[in-house]
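# Fold and contact review
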Amino acid sequence: MASDRVFVIGLDGGSWKVIDPLIERGKLPNLSRLKEEGAWSGLESTLPPVTCPAWFTFSTGLRPSRLGIYDFRGISKGSDRIRLHTYKEIEQPEFWDIIMQSGHSCGIINNPLLYPRKRHTGYVVPGFITPQEHFRTYPEGLIRELDGVAGGYEVDQQAMNIVDDETLLEDCLRVLRKRIEAMTYLLREYPTDLFLGVFTATDRICHRFMNRAFLGDGDEERAGWDALERVFGLVDEGVGKILEAAGDEDYILVMSDHGFEARPWNVHVNQWLADEGLLNIKVVGTLEKMGLTQRNIGRQLKKMGLMKAVYRLSPRRLREIVPAGESTLGEYFIHDLLERGRVDWARTRAVSLGYSYYLNTEDRPQGILSAREAGEVRQEIEAGLRGLVDPEGGSGGIEALDTASAYETEAPLDPPDQMLRESGGWQIRSTLTAGGEIFTPNERAGHAMRGIFVLRHPWVEAGEVGEPLSIEDLAPLILHLFGLPVPEGMDGRVRQDIFKPDTPLRREVSISRTPDAMGAEKERIRRRIAALKQGDAV
Ligand SMILES: [Zn+2]
């Protein structure tokens, strides 16, 4: 008899490139055992392989083109306002909504992006992007219990991008220890049918140390691997705690939102657009008084101490986003400029938000491009980015993709003009640079498309799965493990090939076909949740 409890373990940015060598050295006994006993493969992330939208695709089974969310930020059609996407926009049911609606209990700890919070019926301890000062759990009182067991629960390490390596490593380990304490407590005190626990330190430590481990030699290489080993080793202990709470008959699913790889070069897309005369930044007011021009923005900021200047200009936003951010300060600075209306739209034809760009077409308030001109600019950008060559003569190139073909859909929801995809060890950045360089040496490793997947259960065929799963396959899969129908509209599909023949899981997947199944489901959940008093629901 197999039970139907499901334990989902998220390793943010988890990659076999890091995990496999550590397994070979005998450093990750629990992950090693799971990989040996379970079905495993890579896990294709979203395009782009970024926290937002990847975790939303994980929870909804819908690709970015169905959510209208292609990055942390977007510019809607007909608008020139750059806005930060939030959890509020997710109207589609997430797999845990459907599971709870079916009468099962759910506990979620540290899933990213669950902010601003929604009402939940299980327990929820939100993760990254929730500012520490706005931190709330469901039920409300739960945070006090976690503070008690963990000695002050922490969402994320602070000041990710400004602290030195040693401090970052110590911060990662401290926050991670608290996370494990909190998870262990929740698993013991509030057992649920679905447990979803995410470790974020894996992402943070890879950003900082993976380039060194993979591109450095001698002491550098050793220091890189030491840091990775300490954090992944502790994560593995956390995985061990989860395995202790689960039985051998429970489902254990390990996943990541994206993979990781070493990236020696940054390629600054907005710098390139500015150099081509396609983007113009207005340098006025405070910036002007500080002696800044578009051309010298980066250089001046560096001279004055980037942090000081940025703090002076945008303390609130910076405190909210940067300390826990996955990106570099410069990127937040340029986004801040863009968001504060510093783009000289009347003289701008294209703006990049990183993994995409938007054309200033006539439908926007200060749009200047007719449909024909837009087509020409698109071609110019496509060819220009494809032809870039890095200072070492590498021509990995940036590929510009039409959203319809990138997401295999005729009608992507509110898409950018094109998506951008890097290769060849390049890291796309939306920054302007100090000396106007298009390429700068990159100290941080970057997100890769291929993450990790493991599912262990007596009914699952152990070994490598033929074709890697995609992140949108996980929501349908988890519903299927609970014996629940999969909403018809989900992009992901249940991968039957991972189950042993003649097991109940190999049965046909049931699909909820009501055209408005998702809407109706959501409405039911909403009504039910509204009826519950906040906080009394575990
Ligand atoms: Zn991530």
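Residues numbered from 1 in each chain as written. Predicted model: local features only at pLDDT ≥ 70, side-chain atom pairs only at ≥ 80, totals over all residues. Heavy atoms only, no water.

## Here we look at the coordination of the zinc ion
- Here the zinc ion is held by D12 (OD), T51 (OG1), D257 (OD) and H258 (NE2), and the distances to it run 2.1 to 2.7 Å.
- Around the zinc ion, the four donor atoms sit at angles spanning 91 to 136 degrees, and that spread fits a shape best called irregular.
- Linear spacing of the donor residues for the zinc ion on their chain is D-x38-T-x205-D-H. You can see D12 sitting in the loop between β1 (6-11) and α1 (16-24) and its partner H258 sitting in the loop between β8 (251-255) and β9 (259-261), a full 246 residues away along the chain.
- Overall, D12 belongs to the buried group, its relative accessible area being 1%.
- Among the residues examined, H258 registers a relative accessible area of 0% and is labelled buried. (Donors = N, O, S within 2.8 Å, 3.2 Å for Na, K, Ca; no water. Tetrahedral: all angles 85-135°; square planar, octahedral: opposite > 155°, others 65-115°. Helix = DSSP H or I, 4+ residues; strand = E, 2+ residues; numbered from the N terminus. Buried < 20%, exposed > 50% of the residue type's maximum accessible area, 1.4 Å probe, protein only.)

## Here's the deal with the pattern of salt bridges
- Counting across every chain of the model gives 31 salt bridges.
- With a closest N to O distance of 3.8 Å, R212 and E220 form a salt bridge.
- For E220, a relative accessible area of 42% translates into the label partly exposed.
- Between R493 and E467 there is a salt bridge whose closest N-O contact spans 4.0 Å. Linking R493 in the loop between β21 (486-487) and β22 (511-512) with E467 in the loop between β19 (463-464) and β20 (469-470), this pair joins segments that are 26 residues apart in sequence.
- The class for R493 is partly exposed, based on a relative accessible area of 48%.
- Several salt bridges converge on common partners, so that one network encompasses K17, E261, R263 and E422. (Salt bridge = Lys/Arg side-chain N within 4 Å of Asp/Glu carboxyl O.)

## Description of the confidence of the model for the protein
- Across the protein, pLDDT averages 85, with 81% of residues at or above 70.
- Across residues 305-329, where pLDDT falls below 50, the model places 61 contacts with residues more than four positions away in sequence or in other chains.
- Taken together, the stretch residues 533-538 has pLDDT below 50 and engages in twelve contacts with residues farther than four places along the chain or on a different chain. (pLDDT = per-residue confidence, 0-100. Contact = heavy atoms within 4.5 Å.)

## With respect to the packing of aromatic side chains
- Counted under the stated rule, the structure contains twelve aromatic pairs.
- Look at W55 and F58: their rings are 5.5 Å apart centre to centre, the planes differ by 85 degrees, and that puts the pair in the edge-to-face class. Of this pair, W55 and F58 both sit in helix α3 (residues 51-60), separated by three residues, roughly a single helical turn.
- Residue F58 is classed as buried on the basis of its relative accessible area of 0%.
- Its end group placed over the ring of W225, R25 keeps NZ or CZ at 4.7 Å from the ring centre. (Phe/Tyr/Trp six-rings, centres within 6.5 Å; stacked < 30°, edge-to-face > 60°. Lys NZ or Arg CZ within 6 Å of the ring centre and 35° of its normal.)

## As for the sheet that holds strand β10 (residues 265-268)
- Pairing in this open sheet of three strands is mixed, and the strands run β15-β10-β16 from one edge to the other. At either margin of the open sheet sits one strand with a lone partner, and together these are β15 (426-429) and β16 (439-441). For this sheet, the mean angle separating the axes of adjacent strands, direction not counted, is 30 degrees.
- Across three bridges, the pairing between β10 and β16 is antiparallel. Residue pairing in the sheet places N266 in a bridge with T440 of β16. (Pairing = 2+ DSSP bridges. Axes fitted to C-alpha atoms, helices over the stretch in contact; angles between N-to-C directions.)

## Some details on the environment of R493
- C-alpha of R493 to C-alpha of L469: the two residues are 24 residues apart in sequence and 9.3 Å apart in space.
- Beyond its immediate chain neighbours, meaning those up to four positions away, R493 contacts E467, D473 and P476.

## Points about the side chain of T202
- Along the chain, T202 turns up in helix α8 (residues 201-215).
- By relative accessible area, which is 0% here, T202 ends up buried.
- Side-chain polar atoms of T202 contact the backbone oxygen of D12, separated by 2.7 Å.
- Within the local environment of T202, its side chain forms a polar contact with the backbone oxygen of F199, the two atoms lying 3.3 Å apart.
- Discounting residues that sit within four places of it in the chain, T202 has contacts with L11, D12, V231, F232 and V235. (Polar contact = N/O pair within 3.5 Å; in protein donor to acceptor, adjacent residues only side chain to side chain.)

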